[in-house]
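# Chain and residue survey
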Amino acid sequence: EAQVTQNPRYLITVTGKKLTVTCSQNMNHEYMSWYRQDPGLGLRQIYYSMNVEVTDKGDVPEGYKVSRKEKRNFPLILESPSPNQTSLYFCASSSPHRDPRQAFFGQGTRLTVV
Amino acid sequence: KNEVEQSPQNLTAQEGEFITINCSYSVGISALHWLQQHPGGGIVSLFMLSSGKKKHGRLIATINIQEKHSSLHITASHPRDSAVYICAVRSNQGAQKLVFGQGTRLTINP
């Protein structure tokens, strides 16, 4: 089954404690991205990756890092989380070479930073 | 002004009614997506459009590139259609970037 898998689904952490949210896709998609969703602000792009070892900033990259060492994985790293990073996070993948070029989303990770 | 505007923001209807959700955008696009977000938070891609019209079951999506407008229609609506519907455009400037509307919260009452 084609899917994007995020872990964990829920996470409560303390300010400053480094954490990683994993994202993996099994569709051999070139393009992967991270979004955060906040009430009243909708979904906003954090980082995206066009392919292995190719990453770039989205609209709200501050406080986040990513890496793309393998095509299937695109982890989101919060080196020193702060309460303003409390949000619902989504990973998504797609391919520019397939028709239909749908976007596949992970189940979401609800992060609370206290 | 947001690059992607949806209307209405909230919509409540009775089971069986015909539903229309609108999306207008101001940027050049290569494609437009309609997404459904369930109450539990998960997001599902319903349609990807670059022109014309697509139909899947009771859902119909249309796009008018000249007018920069898309609509999502639901026929014979059902309480299980209750969700947030999000329009997202794939910009033709940034590589594969998605820009999202604020979403329309749809509630279908039995």
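Refer to the structure presented above.
Within each chain, residues carry numbers counting from 1 in the order of the written sequence. Chains carry letters and ligands carry numbers; both start at the beginning, A for chains and 1 for ligands, and go up in the order they are written. Where totals are concerned, whole chains, interfaces and linings use all residues; where local detail is concerned, this predicted model gives features only for residues with pLDDT of at least 70, and gives and counts side-chain atom pairs only at 80 or more. Computation of side-chain values covers all heavy atoms of the structure but excludes hydrogens and water.

## With respect to the overall build of chain B
We count it as follows: Secondary structure follows DSSP: runs of H or I at least 4 residues long count as helices, runs of E at least 2 residues long count as strands, and numbering of each begins at the N terminus. Put simply, the radius of gyration uses C-alpha atoms, and a globule should come to 2.2 Å times the residue count raised to 0.38. Summary of the burial criterion: residues with accessible area below 20% of their type's maximum are buried, those above 50% are exposed, and those between are partly exposed, where the area comes from a 1.4 Å probe applied to protein chains only.
A count of helical and extended segments in chain B gives zero helices and eleven strands. When its helices and strands are written in sequence order, chain B yields β-β-β-β-β-β-β-β-β-β-β. For a compact globule of 110 residues, the expected C-alpha radius of gyration is about 13 Å, and chain B comes in at 13 Å, within 12% of that figure. Residue burial in chain B is summarised as follows: out of 110 residues, 47% are buried.

## Regarding the overall build of chain A
Spelled out, the test is: By the convention used here, residues are in contact when the closest approach between their heavy atoms is within 4.5 Å. Accessible areas in this description were obtained via Shrake-Rupley with a 1.4 Å probe; residue shielding takes into account the shown protein chains only. The charge count treats Lys and Arg as positive and Asp and Glu as negative. His and the chain ends do not count. To locate a charge, take atom NZ for lysine, CZ for arginine, CG for aspartate or CD for glutamate.
In terms of helices and strands, chain A carries zero helices and eleven strands. The helix and strand sequence of chain A, counted from the amino end, reads β-β-β-β-β-β-β-β-β-β-β. Projecting the C-alpha coordinates of chain A onto the three principal axes gives extents of approximately 40 × 30 × 25 Å. Of all 114 residues assigned to chain A, the portion counted as buried reaches 49%. Considering only residue pairs separated by 6 or more positions, chain A has 54% of its internal contacts joining residues 24 or more positions apart. Carbon together with sulfur atoms contributes 50% to the accessible area of chain A, which is approximately 5500 Å² in total. Treating the 14 positive side-chain charges of chain A as one cloud and the 10 negative ones as another, the clouds have centres 5 Å apart.

## A look at the sheet that holds strand β3 (residues 19–25) of chain A
Convention followed: Strands are treated as partners if at least two bridges between them are detected by DSSP.
The antiparallel open sheet is built from four strands, whose spatial order is β1-β3-β8-β7 (chain A). Of all the strands in the sheet, the pair left with one neighbour each is β1 (4–7) and β7 (65–66) of chain A.

## Overview of the interface of chain B and chain A
The condition that has to hold: The term buried area refers to how much accessible surface (probe radius 1.4 Å) is lost by two components on association, counted for both of them together. In the sections that follow, a salt bridge refers to a side-chain nitrogen of Lys or Arg positioned within 4 Å of a carboxyl oxygen of Asp or Glu. Three classes are used, and their members are as follows: Ala, Val, Leu, Ile, Met, Phe, Trp, Tyr, Cys and Pro are nonpolar, Asp, Glu, Lys and Arg are charged, and the others, Gly among them, are polar.
Counting residues at the interface gives 18 residues for chain B, matched by 21 residues for chain A. In this assembly, chain B packs against chain A so that about 1700 Å² is buried in total across both faces, 53% of it on carbon and sulfur atoms. For the pair chain B and chain A, the number of links is zero salt bridges. Among the elements of the structure, β4 (29–37), β5 (43–49), β9 (83–91) and β10 (98–100) of chain B are those that each provide at least two residues to the side of chain B that touches chain A. Residue contributions to the side of chain B that touches chain A peak at four residues, all from β5 of chain B. A breakdown of the residues in the side of chain B that touches chain A according to their chemical character gives eight nonpolar, seven polar and three charged.

## Some remarks on the pairing of strand β3 (residues 19–25) of chain B
If a strand is regular, its side chains alternate between the two faces of the sheet. Residue and element names in this part refer to chain B. With burial as the criterion, only one face of β3 is covered, namely that bearing Ile19, Ile21, Cys23 and Tyr25; the residues Thr20, Asn22 and Ser24 on the opposite face remain uncovered. Taken together, the four bridges between strand β1 (residues 4–7) and β3 define a ladder with antiparallel strand orientation. Bridge pairing in β3 places Glu5 opposite Ser24. Relative to strand β8 (residues 69–74), β3 runs antiparallel, the two sharing six bridges.

## A short note on the environment of Ser24 of chain A
All names here are of chain A. We count it as follows: Polar contact is the term for a pair of N or O atoms within 3.5 Å; when the atoms are in protein, one must be able to donate a hydrogen and the other to accept it, and sequence-neighboring residues count only if both atoms are side-chain atoms.
If you trace the backbone, Ser24 turns up in strand β3. With relative accessibility at 18%, the residue Ser24 sits in the buried group. Those residues in contact with Ser24 that lie beyond four places of it in its chain are Gln3, Val4, Thr5, Arg72 and Asn73. Polar contacts involving the side chain of Ser24 include one to the side chain of Asn73, which spans 3.1 Å.

## Things to note about the sheet that holds β8 of chain B
All names here are of chain B. Our working definition: Interaxial angles span 0 to 180 degrees and are taken between N-to-C directions of axes, which are lines fitted to C-alpha atoms, for helices over the stretch in contact.
Read from one edge to the other, the open sheet built from five strands follows the order β1-β3-β8-β7-β6, with strand pairing classed as antiparallel. If you trace the sheet from one side to the other, it starts and ends with β1 and β6 (52–56), each paired once. For this sheet, the mean inter-axis angle between neighbouring strands, taken without regard to orientation, is 15°. One ladder, built from five bridges, connects β6 with strand β7 (residues 59–64); its direction is antiparallel. Within β7, the position partnered with Lys53 by the bridge is Thr62.

## Side note on the state of the cysteines
Applicable threshold: In this description, a disulfide is simply a cysteine sulfur pair whose atoms lie within 2.5 Å.
The tally for this structure, following the rule as stated, stands at two disulfides over all chains. Two residues share a disulfide in this structure: Cys23 of chain A and Cys91 of chain A, whose sulfurs sit 1.8 Å from each other. Handedness here is read from the sign of the S-S torsion; for Cys23 of chain A and Cys91 of chain A, about -70°, the answer is left-handed. Of this pair, Cys23 of chain A sits in strand β3 while Cys91 of chain A sits in strand β9 (residues 87–94), and the two are 68 residues apart along the sequence. We note that Cys23 of chain A, like Cys91 of chain A, is buried. Here Cys23 of chain B connects covalently by a disulfide to Cys87 of chain B, the sulfurs 2.0 Å from one another. With the S-S bond torsion at -65°, the cross-link from Cys23 of chain B to Cys87 of chain B turns out left-handed. Of this pair, Cys23 of chain B sits in strand β3 while Cys87 of chain B sits in strand β9, placing them 64 residues apart in sequence. Like Cys23 of chain B, the residue Cys87 of chain B is buried in the burial classification.

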